[in-house]
Amino acid sequence: MSHYRYARRAEVLGKSVFDHAPGAIILNSGLAHPPLLPNVAREAARAAEERTAEVMQYGPLMGLDDLRDAVAAFVFEDGVHCERDNILITNGAKHGVDLACRVFVEPGDRVILSAPTYMTSMQHMRTHGASFLAIPQDEEGLMTDVLETKLERLAANGERMPKLLFDVPDFHNPTGITMSLRRRKRLIELAMVYGFVILEDDPYRRVRFEGESIPPLKALDESGVVFALGTVSKVLSPGLRLGWVIGEPNAVRRMAMQKSEGGSCPFAQRIVVDLMRSNRMAEHIDLIAAKMREHRDVMVEALARELPDAVVRPPQGGYFLWAELPEGVSGEAVADRAVEHGVEVSSGRLSFPEDDPGNFLRFAYSYPDKNEIAEGIRRLGLAYREVRAQA
Ligand SMILES: Cc1ncc(COP(=O)(O)O)c(C=O)c1O
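(A) Representation of the sheet that holds strand E7 (residues 197–201) in the model. Read from one edge of the open sheet, eight strands run E2-E9-E8-E7-E6-E3-E4-E5, paired in mixed fashion. Strand pairing shows two members of the sheet lacking a second neighbour, strand E2 (87–90) and strand E5 (141–142), which therefore form its edges. By the bridge criterion, six bridges tie strand E3 (residues 110–115) to strand E4 (residues 131–138) in an arrangement that is parallel. In the sheet register, arginine 110 faces E4, and the bridge partner there is serine 131.

And the structure:
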């Protein structure tokens, strides 16, 4: 049939989501670095042989109790005190975003986002019919004073108040910024005063290169306004497709009821329990952080050489780097031209909920090796100079 009557949300069919050009250097995706993907043969064999009835069965809706307990122990290291009942196992953090939207967001509801923000979460929210209240960031993260002014104005005008705020407080995607402690505290106060919940997406927290860690919002939350998303994607393997939501038990059970797959894969869950309990995960995180730090350094150095007039703030952790091009130089044009030179980067446009300033680029340094990063940025430099020459 050639004329399907698609739902509106399915009308757009982006091509970069499916394919990378042959031979292209991939700097536009937070894929894991292949040499660091863990070999879980032992854990998988143990699960298959010793726990057949568990791992070949449907998984429990909330996740395996052993994994929920292991997650509780993992986040306790960050000062988050929670019980098994607070934890829902999901198929990754993005799944948690989707479930939170299913539970909290009606079409037309407002969601507060930083501008820019994590593009894929924004896409999920659009699918749920959310409209956005975009709040700028500075070096301390989401600007809570701007948020407060906007909330005051909405309330004074009797407008629909936002129900949900989404942010990435540590090593933000795309900007790499970490939110300060005072902003974290203020955000929680505002959530309590204005009655919205905070969805804290924190996949990069343990991928730290330098600097002191700041407590997660969930560790500062005494009233249950924060729902914390976690994932093994950035610290172990995205292929395992496992993450979690931590929050008030009744609300996370509602999220569980919204799952369409019935429960995350118990086989993958048992492997992760084993990795968490045996300390292999902790060791793996150290390897990833050390490698990502090297990648960041190579990329920052190469950008200084190839795009000397771009503003780059080296992130202290995470997978992503954000660059501001001189005003009037189009990030989109540079990204498009870069594909012709065999390197893929993201235009900043994809990360802005509404008005795109036009002159930003997002880079991921996680997937390629150091030589590829240097070569990728060299190719980007060619594209950049061509676009500048035409501007
Ligand atoms: C901020 C943020 N959240 C979530 C994810 C993906 O999480 P998951 O693989 O657990 O769905 C990413 C991946 O790039 C990310 O940058």
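Having put the structure on the table, let's press on.
(B) Representation of the site of the ligand in the model. Neighbouring the ligand are 13 residues, the closest being Gly30, Gly92, Lys94, Thr231 and Ser233. The residue inventory of the shell around the ligand, partitioned by class, reads five nonpolar, six polar and two charged.

(C) The arrangement of the packing of helix H6 (residues 144–156) against helix H7 (residues 181–194) in detail. At their nearest, the axes of H6 and H7 sit 10 Å apart, and the two run at 15 degrees to each other. With respect to each other, H6 and H7 are oriented roughly parallel. Like other packed secondary-structure pairs, H6 and H7 cross with a definite hand, here left-handed. Across from Thr144, Leu147, Glu148 and Leu151 in H6, the residues of H7 making contact are Arg183, Arg186, Leu187, Leu190 and Tyr194. The class makeup of the residues in the contact of H6 with H7 is five nonpolar, one polar and three charged.

(D) Expanded view of the pairing of strand E11 (residues 320–324). Judged by how many residues are buried, E11 sits mostly within the fold: four of five residues are covered. Bridge analysis of strand E10 (residues 311–312) against E11 gives two bridges, and the strand direction is antiparallel. Residue pairing for E11: valine 311 is matched across the bridge by glutamate 324. In the sheet, E11 pairs with strand E14 (residues 360–364) via five bridges, with the strands oriented antiparallel. Each bridged residue has a counterpart across the sheet, and for phenylalanine 320 the counterpart in E14 is alanine 364.

(E) Up close: the packing of helix H3 (residues 65–76) against helix H10 (residues 266–277). For the pair H3 and H10, the least separation of the axes is 9 Å and the interaxial angle reads 40 degrees. Regarding H3 and H10, the two cross each other, and that crossing is left-handed. Residue-level inspection shows Asp66, Leu67, Ala70 and Phe74 of H3 in contact with H10, the latter providing Gln269, Val272, Val273, Met276 and Arg277. Its residues assigned to classes, the contact of H3 with H10 comprises six nonpolar, one polar and two charged.

(F) Here's a closer look at unusual backbone geometry. A cis amide bond, omega 5 degrees, links alanine 115 with the succeeding residue proline 116. Looking at where proline 116 falls in the secondary structure, it is placed in the loop between E3 and helix H5 (119–127). Looking along the chain, the bond that leaves asparagine 173 and enters proline 174 is cis, with omega of 15 degrees. Within the secondary structure, proline 174 is located in the loop between strand E6 (164–167) and H7. Its identity as a non-glycine residue notwithstanding, arginine 241 has a phi of 50 degrees, on the positive side. With respect to the helices and strands, the residue arginine 241 is situated in the loop between strand E8 (226–231) and strand E9 (243–246). Here arginine 241 falls in the partly exposed class, since 17 other C-beta atoms lie within 10 Å of it. Its identity is not glycine, yet asparagine 279 carries a phi of approximately 80 degrees, on the positive side.

What counts, and where the lines are drawn
Residues numbered from 1 in each chain as written. Predicted model: local features only at pLDDT ≥ 70, side-chain atom pairs only at ≥ 80, totals over all residues. Pairing = 2+ DSSP bridges. Helix = DSSP H or I, 4+ residues; strand = E, 2+ residues; numbered from the N terminus. Near = placed C-beta within 6 Å. Nonpolar A, V, L, I, M, F, W, Y, C, P; charged D, E, K, R; others polar. Axes fitted to C-alpha atoms, helices over the stretch in contact; angles between N-to-C directions. Parallel < 35°, antiparallel > 145°, perpendicular 65-115°, else oblique. Left-handed = near helix turned anticlockwise from the far one by under 90°. Contact = placed C-beta atoms within 7 Å. Buried ≥ 20, exposed ≤ 12 C-beta atoms within 10 Å, placed from the backbone.

These values are about where atoms sit, not about what they do.
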